[in-house]
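Observations on the model geometry
What follows is the residue order along each chain.
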Amino acid sequence: MHTFIIAEIGINHNGDLKLAKKLIDTAVIAGCDAVKFQKRTIEKVYTKEYLDGPRKSPWGETQRAQKEGLEFGKKEYDEIDAYCREKGIEWYASAWDIDSQKFLQQYDCKYNKVASAMLTNDKLLEGIAQEHKYTFIATGMSTLEEIEHAVEIFERHNCSYELMHCNSTYPMPSEDANLKLIGVLKDIFKCKVGYSGHEAGTLVSTCAVVAGASSIERHITMDRTMYGSDQKASIEPYELCRLVKDIRETEKIMGTGEKILTPAEEEVKKKLRG
């Protein structure tokens, strides 16, 4: 049993490549299996009306300034690609539009990701499935019917996938985790099911492993008080290290399910049963 642990950097790098590298370092030190980013073509994802709207940020007074300030381009992703190779960790990104998915194709990423917000974007899903890369499909904000429709696209293209149980609130109250759904999704769709969490702390994510999650994805940050919409739903470096340690310990605790007597137990048996 090896839970695949993903450190979601997303947009918590705040457009700063040095900060992105620090977050990659954090994931490596903690023992994560991969880091994940987000890629958007601003003009394709948002309307001009929205982008022209007001929003104060470190980059200006409009939504456009804020969105562009958070976006990495080819120069930054070239460095991220090289840096992750140097550090020996996988990286990939969730694309929020077809152009962004095409942009990511220039890199030899092993995985793809469908963000919860994109689950009903059939054109994007078709494009991702046609790449035949192992794909994590987040299921936040989705009905079972919508999940089934997305799964049908990946099945039709014979593309390997894994669903990720998710509640898309930032941060998510622990009582809304509904971790029993992991087993339900496994039974319905006959596939691996991971967990993408946005809660405070690490307990829910560790419990998700006990509930059968094959992967765990958590947003990470150097400091939750930093600017950014995802920072408050993220875990800091010491929490990430604890989460990975707890998950690896939990894997050992869960065992194999086979009824065996350990050598130590055999010794006790001799004493107590004679």
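Structure's up top.
Below, the structure is looked at part by part. Worth saying up front: this structure is predicted, and the values here are computed from it rather than measured.

Parameters at a glance
- Residues numbered from 1 in each chain as written.
- Predicted model: local features only at pLDDT ≥ 70, side-chain atom pairs only at ≥ 80, totals over all residues.
- Heavy atoms only, no water.
- Axes fitted to C-alpha atoms, helices over the stretch in contact; angles between N-to-C directions.
- Helix = DSSP H or I, 4+ residues; strand = E, 2+ residues; numbered from the N terminus.
- Parallel < 35°, antiparallel > 145°, perpendicular 65-115°, else oblique.
- Left-handed = near helix turned anticlockwise from the far one by under 90°.
- Contact = heavy atoms within 4.5 Å.
- Disulfide = S-S within 2.5 Å.
- Core = buried A, V, L, I, M, F, W, Y, C linked by side-chain atoms within 4.5 Å.
- Buried < 20%, exposed > 50% of the residue type's maximum accessible area, 1.4 Å probe, protein only.
- Salt bridge = Lys/Arg side-chain N within 4 Å of Asp/Glu carboxyl O.

What follows concerns the packing of helix α7 (residues 122-129) against helix α8 (residues 144-156). Where α7 contacts α8, the axes come no closer than 9 Å and their chain directions differ by 30 degrees. With respect to α8, the element α7 is oriented roughly parallel. As for how α7 packs across α8, the hand of that crossing is right-handed. Counting all contacts with α7, which are made through D122, L125, E126, I128 and A129, the residues of α8 involved are H149, A150, I153, F154 and R156.

We now examine the state of the cysteines. Summed over all chains, the structure comprises zero disulfides. Of all cysteine sulfurs, the one in C159 lies closest to C191, which takes part in no disulfide; the gap is 12 Å.

We now examine the nonpolar core. Within the largest apolar cluster, 71 residues are counted, with the highest numbers of intra-cluster contacts made by V35, F37 and W91. For this core, the element with the most residues is helix α1 (residues 17-30), which contributes seven residues. Sequence-distant contacts of F37, defined by excluding residues within four places in its chain, comprise E8, I9, G10, H13, A20, I24, Y77, I80, W91, Y92, A93 and S94.

This part covers the environment of Y50. Tracing the backbone shows Y50 in helix α3 (residues 48-51). It is 6.9 Å that separates the C-alpha atoms of Y50 and Q63, two residues lying 13 residues apart in sequence. Ignoring any residue separated from it by four or fewer positions in sequence, one finds Y50 in contact with R55, Q63 and K67.

Trans peptide bonds make up most of the peptide bonds, and negative phi angles are found at most residues other than glycine. The peptide bond linking Y170 to P171 adopts the cis configuration, its omega dihedral lying at -10 degrees. Counting through the fold element by element, P171 comes out in the loop between β8 (161-166) and α9 (180-189). Phi is positive for N178, which is not a glycine, with a value near 50 degrees. Relative to the assigned elements, N178 resides in the loop between β8 and α9. A positive phi angle, close to 55 degrees, is found at K190, a residue other than glycine. With respect to the helices and strands, K190 occurs in the loop between α9 and β9 (193-197).

A few words on the environment of V151. Relative to the assigned elements, V151 resides in helix α8. Put simply, V151 and E162 are 11 residues apart on the chain and 9.4 Å apart in space, counted from C-alpha to C-alpha. Apart from the residues lying within four places of it in its own chain, the contact partners of V151 are Y161, L163 and F189.

Moving on, we get to the pattern of salt bridges. For the structure on display, the rule yields 17 salt bridges. A salt bridge links D78 to K74; the nearest nitrogen and oxygen atoms lie 2.8 Å apart. Residue D78 and its partner K74 are located together in helix α5 (residues 74-87), separated by four residues, close to a single helical turn. Residue classification places K74 among the partly exposed positions, given a relative accessible area of 44%. Of the charged contacts, one joins R248 and E251 as a salt bridge, the two residues approaching to 2.8 Å between their closest N and O atoms. In this pair, R248 and E251 both sit in helix α11 (residues 237-254), three residues apart, roughly one turn of the helix. Across the pair, exposure class does not vary: R248 and E251 are buried alike. Beyond isolated ion pairs, a larger network of salt bridges with shared partners links D33, R248 and E251.

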